Amino acid sequence: MSHSPSPENLAFDNQQDFGDACPLEGANEAFMLEQGVQLGPLFRTFHLHLTGCKCDVHSNFIDQNALPPPQTEALPTDWTPYETQVAFETAEFLYTCNQMSAGQIDTLLNLWAAMLIKHNDSPPFTSHHDLYETIDLTPLGDVSWQTFSMSYSGTRPAENVLPWMTAEYDVWFHNPHLLVHNMLSNPDFATEIEYVPYWDYTDDNKHCYKNFLSGDWAWKQADLETHRSTFVPLIIGSDKTTVSVATGHTEYHLLYLSIGNIFNRVWHAHHNGVVLVGFLAIPKSTKKHLDDKDFRNFCHQMFHSSLAKIFKPVKLNMMVPDVVCRPDSHYWRIIYRLGPYITDYPEQVALSGVVQNWCPKCLNNRKNLDGDGLPLLQCREHTDLLVQELPHIHLWHEYGIIQEVMPFMNDFPQADIHELLSPDILHQIIKGTFKDHLVNWVEQYLLLTHRASHAAEIMDDIDQRIVAVAPFTGLWHFPEGCGFKQWTGDDSKALMKVYLPTISGHVPQDVVCTFSAFLDFCYIVRRDTLMEDDLTQLQDVLSHFHQYHEIFKTMGVVLNFSYLHQHSLKHYSLMIRLYGAPNGLCSSITESKHIKAVKEPWCHSSRYKALGQMLLTNQRLDKIAAARSDFEAHGMLQGSCMSNALWALRKSNGELLDNSEDEDKDNNDADNALQARPDHLCLNEPQNQTAEGDVVDIIDGPYIQAHVELATAPVLGHSPNVHALMLNLDLPTLPTMIQQFLHNQLHIGNDKPPKFDPAMAPA
């Protein structure tokens, strides 16, 4: 039996909803655990107590086969607060897709009005003020911004008080309780959400890990208060981003939120799969005092105090169930828990209260991180005991613990920051181990073993090999090799695919084997579904990596291997068992949100006191996204504005029969007009899938027509003309095919084009 199922396997498509699979009143509660459900090659057993049972609005459990309560259906013409579909799509296009400035919106609306005035008609909005006011009136997605201020309350010097000690720092945030309510009731997630923790097994009783609720951590969260409730883990992420270096090094500290119930792929693809919670404060100080102990402690304490205050609204419902409406309009009892925290290493240090260069997840000493055997894991209870019993100096040097830092998760039940720091494929593997370590070590090896001039020749040859990589789907072209100054995560991922063969012959075989083992590790952890055999293979390739990378120590490139990014690889097997496939908990998810949450709003702000403008922009974007989800759920965005307008016009003129079949047929006439022509190329709807079959990230915005850019100069040695190309391809009909294509292009706007005649067609 294959242990790495293909994406096409129906057992892994997550389209079935098993959220209601819980024991009914009076049923044997052991049924779920013992019987489960057969899903193709997998057998799924559901949690015995966290069963996600339905209830009424008063938290009383109901018959699990009961129909959902009747919904108040909106009329298909109710676009409130927008007047028509055209008005909504215009607002969405101008504000979300095109992000047009206020002045340009006014210019466009004036031109639009000038065209319609002779028809005694007007555009859907009179000005940008009218557009913004309409968006602000949208009742959906309306979670208002809140703020609180913090300042230093410690001892201040008698004179020369530093500015950071007297400043006030504002934190802006959304109520996470309301954000989670919106996510749980979002109809977009109705078929992409799981209600019950589960375990999947193969026929030979081997565990399979995929989405978050398939891991062991969610399974062990039950207690007496949570029986028959739905478990909702809060996935938190934070990251700093710089939006302007030239005009003042403007930084923002973003806080994001998701829930572990939605599928991993939704976090990558859906606009609302990860939501912006708030903007954390960033204290500033002079370079002279950046390393001051009081300033560092103040930054840490403000960070943790801010997080504790922001998530306080959900703390009560970590013990007392919260009644929330489901996407299908039923109600359920929700128990929240703080789940994994997604961030890079500098912030992991701040969150866990450990000293720089120490591991925040285990007890290995920073001077020998890899140690011998499996590392002993840190835990909240052990850290609290050490802080209570040992002096500050001993904690710092022997255990790497900062005594003054109290992790914010200590204020919440069953939350251990050491356990909940998530794996980070982007920074630990792609940027860290590959780019910062292995690629740099190869260059250092060449400089150590060759003269500087010869080493430069070898590195140039490696670059030329990278440049010469043949074009192929999924491979990037690097016109200058790997000699670019600023690497992105995408650059590193693309280079990983071609780097191994380019160094072969220039480095010892053990170096090649080191890269080979590392790449095997990387591609295993990036799989959407991992089986027990995959985890066994993961440990094997990690052992090979540790075996072969000794060559760098032997050749004097490094003195030891006490590197945090490489050390983190040891924790991946355990974290996969706890949280499922790690591609659902990567910092690339939160970093991709920076564009919509910060960078684009910043670019469209006045730059003066930009935060307030950015908060308003994000609120309006949320309202538009929520309105679209609601309109789609009511079937109100079927077809384009043009097709719906033509259908309404024909119906008003009596050209359509009053039956649903004709309505469905004619509703898409405008969209299908060109595709209905037998002599024109028919194009399928765009799919979010690469040619390799991998699901790709959905980019918010309109679809654009694909295009092909031809080479500006002919390639030497290839066919110089059509006749030579016909002979080279052994395709006698090629000239006629080109003639027919040109004929179709010439008459593309003609409803009744002349019949194609090869004798009369352009040559």
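Residues numbered from 1 in each chain as written. Predicted model: local features only at pLDDT ≥ 70, side-chain atom pairs only at ≥ 80, totals over all residues. Heavy atoms only, no water.

Peer 1: Would you mind showing me how to read the overall build of the protein chain here?
Peer 2: A count of helical and extended segments in the protein chain gives 29 helices and 13 strands. For the protein chain, the proportion of its 763 residues judged to be buried stands at 45%. Relative to all contacts within the protein chain whose residues are 6 or more apart in sequence, the contacts with residues 24 or more apart total 69%. Of the roughly 39,300 Å² of accessible surface on the protein chain, 55% is carried by carbon and sulfur atoms. (Helix = DSSP H or I, 4+ residues; strand = E, 2+ residues; numbered from the N terminus. Buried < 20%, exposed > 50% of the residue type's maximum accessible area, 1.4 Å probe, protein only. Contact = heavy atoms within 4.5 Å. Areas by Shrake-Rupley, 256 points an atom, 1.4 Å probe, with all protein chains shown as cover.)

Peer 1: How should the side chain of Q221 be read in this particular structure?
Peer 2: Secondary-structure assignment places Q221 in the loop between α7 (216-219) and β8 (230-244). Classification of Q221 as buried rests on a relative accessible area of 4%. If we skip the residues at most four places from it in the chain, Q221 touches L50, T226, F231, R337 and Q414.

Peer 1: Looking at this structure, I do not really get the packing of helix α14 (residues 425-449) against helix α16 (residues 489-496). What am I missing?
Peer 2: The relative placement of two packed helices is expressed as an angle between their axes plus a distance between the axes. At a minimum axis distance of 10 Å, the contact between α14 and α16 shows a crossing angle of 60°. Between α14 and α16, the angle falls in the class oblique. Judged by the sense of rotation from one axis to the other, the crossing of α14 with α16 is left-handed. In contact with L426, I430, K431, F434 and K435 of α14, α16 contributes G489, S492, K493, L495 and M496. (Axes fitted to C-alpha atoms, helices over the stretch in contact; angles between N-to-C directions. Parallel < 35°, antiparallel > 145°, perpendicular 65-115°, else oblique. Left-handed = near helix turned anticlockwise from the far one by under 90°.)

Peer 1: I tried to follow the sheet that holds strand β13 (residues 530-531) on my own but got confused; where do I start?
Peer 2: The five strands are arranged β1-β2-β6-β7-β13 in an open sheet whose pairing can be described as antiparallel. What marks the edges here is a single partner per strand, and that holds for β1 (37-39) and β13. One ladder, built from two bridges, connects strand β7 (residues 207-209) with β13; its direction is antiparallel. Along β13, the bridge assignment pairs Y209 with L530. (Pairing = 2+ DSSP bridges.)

Peer 1: Help me understand the pattern of salt bridges, please; the structure alone is not making it clear to me.
Peer 2: Think of it this way: side chains of opposite charge can pair up when their charged atoms draw near. A complete count under the given rule lists 15 salt bridges for this structure. Here D533 and K206 are joined by a salt bridge, their closest N and O atoms 2.9 Å apart. Of this pair, D533 sits in helix α19 (residues 532-548) while K206 sits in the loop between β6 (198-201) and β7, and the two are 327 residues apart along the sequence. For D533, a relative accessible area of 26% gives the class partly exposed. K435 is the partner of D436 in a salt bridge, and the nearest nitrogen-oxygen pair spans 2.9 Å. You can call D436 partly exposed: its relative accessible area is 32%. Residues joined by salt bridges that share partners form a network here, namely E92, R628 and E632. (Salt bridge = Lys/Arg side-chain N within 4 Å of Asp/Glu carboxyl O.)

Peer 1: What should I look at first to understand helix α4 (residues 128-136) in this one?
Peer 2: Note on helix geometry: an α-helix contains 3.6 residues per turn, so any two residues three or four positions apart are oriented the same way. Buried within α4 are the following residues: H128, L131, Y132, T134 and I135. Each buried residue of α4 sits inside an arc of 160° when the element is viewed along its axis, so together they form one side. In this fold, the buried residues of α4 make contact with α2 (85-97), α3 (102-116) and α24 (610-633). (Arc of directions from axis to C-beta.)

Peer 1: How should the packing of α14 against helix α18 (residues 509-525) be read in this particular structure?
Peer 2: One can describe the packing of α14 onto α18 by two numbers: an axis separation of 12 Å at closest approach and a directional angle of 170°. Comparing the axis directions of α14 and α18 gives the class roughly antiparallel. Every residue of α18 that contacts α14 at I425, I429, T433, F434, L438, V439 and V442 is listed here: V511, T514, F515, F518, F521, C522 and V525. Classifying every residue of the contact of α14 with α18 by side-chain character gives twelve nonpolar, two polar and no charged. (Nonpolar A, V, L, I, M, F, W, Y, C, P; charged D, E, K, R; others polar.)

Peer 1: Any chance you could explain the packing of aromatic side chains here in plain terms?
Peer 2: Geometry of an aromatic ring pair is reported as the spacing of the ring centres plus the angle between the planes. What the rule picks out here adds up to 31 aromatic pairs. Pairing Y341 with F408 gives two aromatic rings, centres 6.3 Å apart and planes at 70°, and the pair type is edge-to-face. Taken together, the residues span a long stretch of sequence, with Y341 in strand β12 (residues 331-342) and F408 in the loop between α12 (392-399) and α13 (417-420) at a distance of 67 residues. Owing to a relative accessible area of 0%, Y341 belongs among the buried residues under this scheme. (Phe/Tyr/Trp six-rings, centres within 6.5 Å; stacked < 30°, edge-to-face > 60°.)

Peer 1: Where do I start with a nonpolar patch on the surface in this structure?
Peer 2: On the surface, V722, I738, F741 and L742 cluster together into a nonpolar patch covering about 320 Å² of accessible area. Tracing the backbone shows I738 in helix α29 (residues 734-746). (Patch = residues over 30% accessible without salt bridge, like charges linked within 9 Å, V, L, I, M, F, W, Y side chains within 5 Å.)

Peer 1: In this structure, what is going on with the pairing of strand β11 (residues 322-325)? I would like to understand it.
Peer 2: Along any regular strand, the residues point their side chains to alternate faces of the sheet. Alternating residues of β11 divide into D322 and V324, all buried, and V323 and C325, none buried. The sheet contact formed by β11 and β12 spans four bridges and is antiparallel. Counted as the bridge partner of V324 is W332 from β12. Between the antiparallel neighbours β11 and β12 lie five residues, among them S329 with a positive phi of about 80°.

Peer 1: I would appreciate a short explanation of unusual backbone geometry in the present structure.
Peer 2: Both trends apply: most residues other than glycine have a negative phi, and most peptide bonds are in trans. At the junction of T80 and P81, the peptide bond is cis and its omega measures out at 5° in the coordinates. The topology assignment puts P81 in the loop between β3 (54-55) and α2. Its identity is not glycine, yet S59 carries a phi of approximately 75°, on the positive side. Relative to the assigned elements, S59 resides in the loop between β3 and α2. You will see that Q99, though not glycine, has its phi angle at about 55°, which is positive.

Peer 1: When you look at the nonpolar core in this model, what are you seeing that I'm missing?
Peer 2: The nonpolar side chains of a soluble globular protein tend to be buried, and buried together. If you look at the biggest cluster of nonpolar residues, it comprises 122 residues, and the most contacted ones within it are F311, F408 and Y499. The element that contributes the greatest number of residues to this core is α14, accounting for eleven residues. With 20 residues, the next largest nonpolar core counts A87, Y95, L109 and L637 among its residues. (Core = buried A, V, L, I, M, F, W, Y, C linked by side-chain atoms within 4.5 Å.)

Peer 1: Explain the pairing of strand β5 (residues 168-173) here, please?
Peer 2: Burial along β5 is one-sided: Y169, V171 and F173 are buried, while E168, D170 and W172, pointing the other way, are not. Across six bridges, the pairing between strand β4 (residues 146-151) and β5 is antiparallel. When the bridges of β5 are listed, M150 appears paired with Y169. In this sheet, strand β10 (residues 275-280) lies alongside β5 in antiparallel orientation, the contact comprising two bridges. The partner of W172 across the bridge, within β10, is F279.

Peer 1: What's the story with the environment of L611 in this structure? I'm lost.
Peer 2: Along the chain, L611 turns up in helix α24. Residue L611 is classed as partly exposed on the basis of its relative accessible area, which comes to 22%. Contacts of L611, omitting those with residues within four sequence positions, involve W172, Y252 and F279.

Peer 1: I keep staring at the state of the cysteines and nothing clicks. Help me out?
Peer 2: Disulfide: a covalent bond connecting the sulfur atoms of a pair of cysteines. In total, this model carries zero disulfides according to the counting rule given. Between C362, a cysteine without a disulfide, and C359, which holds the nearest cysteine sulfur, the sulfur-to-sulfur distance is 3.6 Å. Among the residues examined, C362 registers a relative accessible area of 1% and is labelled buried. (Disulfide = S-S within 2.5 Å.)

Peer 1: Whenever I open this one, the environment of T241 confuses me. Can you help?
Peer 2: Relative to the assigned elements, T241 resides in strand β8. Note on T241: relative accessible area 6%, which makes it buried. Sequence separation between T241 and E591 is 350 residues; the distance between their C-alpha atoms is 8.4 Å. With residues near it in sequence (within four places) discarded, T241 still touches T250, E251, Y252, L254, H594, V598 and K599.

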